[in-house]
Amino acid sequence: MSRANKVVLAYSGGVDTSVCIPYLMKEWGVKEVITLAADLGQGEELGPIQEKALKCGAVESLVADATEEFVVNYAFPAIKANALYENRYPLSTALARPLIAKLLVEAAEKYGADAVAHGCTGKGNDQVRFDVGITALNPNIKILAPAREWGMSREEAISYGEKFGIEAPVKKSSPFSIDRNLLGRSIEAGPLEDPMTEPPEEVYALTKSVADAPNEPEYVEITFEKGIPVAINGEGLSPVALVTKVNEIAGNHGFGRIDMIENRVVGIKSREIYEAPALLVLVKAHEDLESLTLTSDVTHYKRGHVDEMYSRLIYEGLWYNPLKDALDAFINETQKRVSGTVRIKFFKGNATIVGRRSDYSLYSPDLSTYGGDDKFDHKAAEGFIYIWGLSTRVWAEKNRS
Ligand code: ARG
């Protein structure tokens with residue numbers, strides 16, 4: 001029985017998504033497979049991928065250039081939210097998924113497909129992000145996920161593909177599973193599955209090791225307007241150019257690596273290695289500028305409630321949930337004065353914030369100074385502390401043995 005007539009398949013050019021093409025047609029009776037590869041600045045030629053899809057049996061092979069949209073509509077909102085999942089992962093892979101879901105749905109509507117498909121297995125987060133995103137954007141489109149049902153090992157998938165003329169990977173395939181885009185690389189599997197094993201240097205591609213990083217520090221100033229990075233060292237840059245340049249500078253100094261155990265949506269703990277130099281620098285710098293320009297109430301509420309929720313929502317595939325729009329409204333309100341410049345020192349694996357300035361700075365030297373001549377009324381503190389500490393004092397007196 002046919003599962004669908006015409007399918008748009010999210011395509012990476014790898015073994016799994018290539019095998020999906022004959023599998024959908026032979027096993028699931030799909031008549032036409034259209035593939036869609038998204039260019040998200042992964043720095044890979046997509047021409048050969050396009051050809052490969054056709055060789056594997058696709059009727060049409062689409063490439064979507066979405067790098068700018070990725071940075072402006074996905075990375076920048078995450079930076080405004082200081083988004084770090086479990087306080088560490090800047091969501092470089094997770095942010096790409098709702099955009100790919102949108103591209104799939106748009107292509108399905110344009111080409112009159114009744115289904116979309118992806119190559120995710122049943123164990124990961126990406127299937128959650130794709131499926132929830134697709135359903136939110138068009139609940140009438142079917143979702144097919146062959147790798148969730150076929151039960152083939154990688155070797156079995158390779159030999160299945162060979163039956164249909166899909167060549168096995170030429171070089172001895174890497175034991176790692178890698179996802180890459182302009183915002184970073186995610187690396188898992190192989191020897192990394194032992195959480196006690198140190199990642200070998202070869203897994204990294206965007207960051208130098210600390211040993212190879214320059215012996216001289218480099219100072220860089222990043223300017224933000226309303227929470228969005230717009231210039232490096234005073235030079236205005238387009239969103240994509242800016243992220244590319246920060247990636248180069250930070251990566252060159254060995255900054256941007258993460259090695260963590262994270263909690264996946266499906267309940268599995270997983271060991272992940274990430275490289276996300278620019279995103280980590282930009283979140284750090286943005287957060288610092290907020291500390292200068294937002295009041296303490298807004299800072300504490302945003303950090304403790306909104307930023308944390310926003311990070312989880314991205315990770316958990318809820319990008320198209322109305323909660324996201326509601327939090328965006330809050331965040332954008334807070335960003336009206338998050339404009340200014342942050343100075344960063346890159347040196348031997350570190351990106352240290354060493355200075356910040358803003359026309360909207362709430363820092364008042366008159367109030368903060370340790371020098372004698374200030375305008376703060378020291379005597380007023382006594383009455384404040386009497387009332388502030390009252391409930392603690394009442395409790396302490398009651399509990400004195
Ligand atoms: N665990 C990360 C996330 O959920 C990355 C998964 C990326 N996939 C990979 N093949 N390494 O966003």
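Residues numbered from 1 in each chain as written. Predicted model: local features only at pLDDT ≥ 70, side-chain atom pairs only at ≥ 80, totals over all residues. Heavy atoms only, no water.

**Regarding the sheet that holds strand β5 (residues 142–144)**
Move 1: Spatially, 5 strands are ordered β3-β2-β1-β4-β5 in an open sheet, and the strand pairing comes out parallel. Sheet topology places β3 (60–65) and β5 at the edges, where each strand pairs with a single neighbour. Averaged over all pairs of adjacent strands, the angle between strand axes in this sheet comes to 25 degrees, irrespective of strand direction.
Move 2: Bridge count between strand β1 (residues 6–10) and strand β2 (residues 32–39): 5 bridges; the pairing is parallel. Note that in β2 the partner of valine 8 across the bridge is isoleucine 34.
Move 3: Docked against the sheet, helix α1 (residues 15–26) engages β1, β2, β4 (115–117) and β5, running at close to 165 degrees with respect to β1. (Pairing = 2+ DSSP bridges. Helix = DSSP H or I, 4+ residues; strand = E, 2+ residues; numbered from the N terminus. Axes fitted to C-alpha atoms, helices over the stretch in contact; angles between N-to-C directions. Contact = heavy atoms within 4.5 Å.)

**A look at the packing of helix α3 (residues 67–80) against helix α7 (residues 239–252)**
Move 1: Interhelical geometry of α3 versus α7 gives an angle of 80 degrees and a closest axis separation of 8 Å. In terms of orientation, α3 and α7 fall into the roughly perpendicular class. Residue-level contacts link Thr67, Glu68, Val71, Val72 and Phe76 of α3 to Pro239, Val240 and Val243 of α7.
Move 2: Looking at the contact of α3 with α7, its residues break down into 6 nonpolar, 1 polar and 1 charged. (Parallel < 35°, antiparallel > 145°, perpendicular 65-115°, else oblique. Nonpolar A, V, L, I, M, F, W, Y, C, P; charged D, E, K, R; others polar.)

**What about the side chain of threonine 17?**
Move 1: Counting through the fold element by element, threonine 17 comes out in helix α1.
Move 2: Overall, the relative accessible area of 10% leaves threonine 17 in the buried class.
Move 3: Among the polar contacts made by the side chain of threonine 17, one reaches the side chain of serine 12 at a distance of 3.2 Å.
Move 4: If we ignore the near neighbours within four places in the chain, the residues touching threonine 17 are Leu9, Ala10, Tyr11, Ser12 and Gly119. (Buried < 20%, exposed > 50% of the residue type's maximum accessible area, 1.4 Å probe, protein only. Polar contact = N/O pair within 3.5 Å; in protein donor to acceptor, adjacent residues only side chain to side chain.)

**Quick look at a nonpolar patch on the surface**
Move 1: Residues Tyr386, Ile387, Leu390 and Val394 make up a contiguous nonpolar surface patch of about 420 Å² in total accessible area.
Move 2: Contributions of two or more residues to the nonpolar patch are made by α12 (380–388) and α13 (390–398).
Move 3: Summarising the element assignment, valine 394 is placed in helix α13. (Patch = residues over 30% accessible without salt bridge, like charges linked within 9 Å, V, L, I, M, F, W, Y side chains within 5 Å. Areas by Shrake-Rupley, 256 points an atom, 1.4 Å probe, with all protein chains shown as cover. Salt bridge = Lys/Arg side-chain N within 4 Å of Asp/Glu carboxyl O.)

**Observations regarding the sheet that holds strand β13 (residues 340–347)**
In a beta sheet, neighbouring strands pair by backbone hydrogen bonds and run either parallel or antiparallel.
Move 1: Strand order in the open sheet formed by 5 strands is β10-β9-β8-β13-β14, and the pairing between neighbours is antiparallel. Bordering the open sheet on either side are β10 (235–236) and β14 (350–357), each of which pairs with just one other strand.
Move 2: Two elements, strand β8 (residues 218–225) and strand β9 (residues 228–232), share 4 bridges in a ladder whose sense is antiparallel. Paired with threonine 223 across the strands is alanine 231, a residue of β9.
Move 3: Lying over the sheet, helix α8 (residues 277–293) contacts β8, β9, β13 and β14, oriented at roughly 30 degrees with respect to β14.

**Notes on the nonpolar core**
Move 1: Residues Val8, Leu91, Leu95, Val281, Ile314 and Ile344 are the most contacted members of the largest nonpolar core, which totals 78 residues.
Move 2: Membership of the second largest hydrophobic core comes to 27 residues, among which are Tyr11, Cys20, Ala37 and Trp150. (Core = buried A, V, L, I, M, F, W, Y, C linked by side-chain atoms within 4.5 Å.)

**Points about α8**
Move 1: The end-to-end C-alpha separation of α8 is 25 Å, in line with the 24 Å expected for 17 residues at 1.5 Å each.
Move 2: Burial of α8 is extensive: 14 of the 17 residues sit out of reach of the surface. (Expected span 1.5 Å × (residues − 1).)

**Points about the site of the ligand**
Move 1: The ligand sits among 13 residues. The nearest are Tyr89, Asn125, Ser177, Glu262 and Glu272.
Move 2: Here serine 186 contributes a backbone N or O atom positioned 3.4 Å from a nitrogen atom of the ligand.
Move 3: Considered on its own, the ligand offers 350 Å² of accessible surface; in the complex 91% of this is hidden by protein.
Move 4: Within the residue set of the shell around the ligand, elements represented by two or more residues are β6 (177–181), β7 (184–188) and β12 (269–275).
Move 5: Its residues placed into classes, the shell around the ligand shows 4 nonpolar, 4 polar and 5 charged. (Near = heavy atom within 4 Å.)

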